[in-house]
Amino acid sequence: MDTNQDKKKVVLSGIRATGNLHLGNYYGALNKFVRMQDDYDCRFFIADLHALTTHPDPAMLHANVKSILAEYLAAGLDPEKNILYVQSDVPEISEMYLLMNMHAGIGELMRTASFKDKARKALGIAKPGAGADDDDIEKEIIGNNHNKSVNAGLLTYPTLMAVDILIHHADFVPVGKDQEQHLELTRRFGRRFNSFYKTDYFSEPVNFNFGGQAVKVPGLDGSGKMGKSEGNCIYLIDDEKTLRKKVMRAVTDQGPQEPNSTPTEPIQNLFTLMELVSDPSTLEHFKQAYADCSIRYGDLKKQLAEDILKVTLPIRERILDLRDNDEYLSKVVRRGAEQAREVAAKTLREVREIMGIRKF
């Protein structure tokens, strides 16, 4: 029988069901998850409830869930080694979300950076410039919310994320820099619950950086990171023609003007992508060509596209095979839901007991 020392640490992560996965998802998370699945107790889910904050088309939401599941599996996640489930298939999450909201303050939720950014975007409110006063953004959001485009689900997004984590008593939660504030809120909600009910029920989850600096995969637009909303992605499902066209259209500059120049951001982004997918000697060749001003961006892009395809095409083939296998996909998520619900039901039962919600 396992002792507590023998038990594997629990790792939890989820991806919102808002579209196909891209190269940033793969190098930022998926390929690392594959390496972790033998050493940790991994639970990976598809966050369809989180996706509801943007009112997706119902048919598209279901299609996105199915696509992401196929992409999880195609990238190498093994349902025999991991708990793979759809968030809404675990109703205990929704009930605990309600209970945890009783311990979340409106003010602290409205002050989260992600809520402010998404609310501004939904309402067309310009983001304050550097050094601008941000104290009245809550009033500005409320005053402009005449069209109800900022919903309560968007506001309480961090509470739902906290429940996703706490309901599994996760030890590690791999998150990017933009989600670190939400993870801190999770710890805060757990501490608040413990303090209010004079218990030590919830422990504090920490970020998991895979033993090194987080990978930031740049987009093809010359700035920022790869993201669905930015329209600068290379998707794992992209066919060969589409992918080559995207890479060849990537933003560049006029070329180095003098030897040993520091690469501009668009060119450094292409080098960063090449560092992920290409042989080191290939990267060194093009860096040297940039340094001596002999670089030809067309050759760089052609090579980059070729190297990306070596990574994505095998995954794409597996995605296409899995996406049409409804019977297998259904079997995977049914099994995952059963496993996730077993854990979640125990946590919810104990949380209800602690809170005094008991049956007669």
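Residues numbered from 1 in each chain as written. Predicted model: local features only at pLDDT ≥ 70, side-chain atom pairs only at ≥ 80, totals over all residues. Heavy atoms only, no water.

Asks: How do you make sense of the overall build of the protein when you look at a structure like this?
Replies: When helices and strands are tallied, the protein shows 15 helices and 5 strands. Taking 2.2 N^0.38 as the reference for a compact globule, 360 residues should give roughly 21 Å; the C-alpha atoms of the protein span a radius of gyration of 22 Å, in line with that estimate. Its C-alpha atoms put the protein at 80 × 55 × 40 Å along the principal axes. For the protein, buried positions account for 47% of its 360 residues. Look at the contacts in the protein between residues 6 or more apart in sequence, and 79% of them connect residues 24 or more apart. Where the 48 positive side-chain charges of the protein centre and where its 52 negative ones centre are 3 Å apart. (Helix = DSSP H or I, 4+ residues; strand = E, 2+ residues; numbered from the N terminus. Rg over C-alpha atoms; globule rule 2.2 N^0.38 Å. Buried < 20%, exposed > 50% of the residue type's maximum accessible area, 1.4 Å probe, protein only. Contact = heavy atoms within 4.5 Å. Lys, Arg positive; Asp, Glu negative; His and termini not counted. Charge placed at Lys NZ, Arg CZ, Asp CG, Glu CD.)

Asks: Before we go on, may I ask you to explain helix α10 (residues 180-196) in this structure?
Replies: In an α-helix there are 3.6 residues to a turn, and that puts residues three or four apart on one side. Helix length check: α10 (17 residues) gives 24 Å between terminal C-alpha atoms against 24 Å at 1.5 Å per residue, within 8%. Within the sequence span of α10, burial applies to His182, Leu183, Leu185, Thr186, Arg187, Phe189, Gly190, Phe193 and Asn194. Positive backbone phi, at 50°, marks Lys198, one or two positions downstream of α10. (Expected span 1.5 Å × (residues − 1).)

Asks: Explanation requested: the layout of surface pockets in the structure shown.
Replies: Gaps left between atoms show up when a probe the size of a water molecule is rolled over them. Roughly 400 Å³ of internal volume is contained in the second largest pocket. Surrounding the second largest pocket, 14 residues form its lining, Lys7, Lys8, Val10, His169 and Asp171 being those nearest its centre. Among the secondary structure elements, those contributing two or more residues to the lining of the second largest pocket are β2 (41-47) and α15 (326-355). For the lining of the second largest pocket, the leading source of residues is α15, giving 3 residues. Counted by class, the lining of the second largest pocket contains 2 nonpolar, 5 polar and 7 charged residues. (1 Å grid on protein atoms, 1.4 Å probe; cavity = no way out; pocket = protein on both sides within 12 Å on 5 of 7 lines; lining within 4 Å. Points joined across faces, edges and corners; volume = space filled by probe spheres on them. Nonpolar A, V, L, I, M, F, W, Y, C, P; charged D, E, K, R; others polar.)

Asks: Looking at this model, I keep getting lost on the environment of Arg192. Mind explaining?
Replies: Looking at the element boundaries, Arg192 is found in helix α10. Sequence spacing of Arg192 and Asp292 is 100 residues, and the spatial spacing of their C-alpha atoms is 59 Å. Setting aside anything within four residues of it in sequence, one finds Arg192 in contact with His103, Ala104, Gly105 and Glu108.

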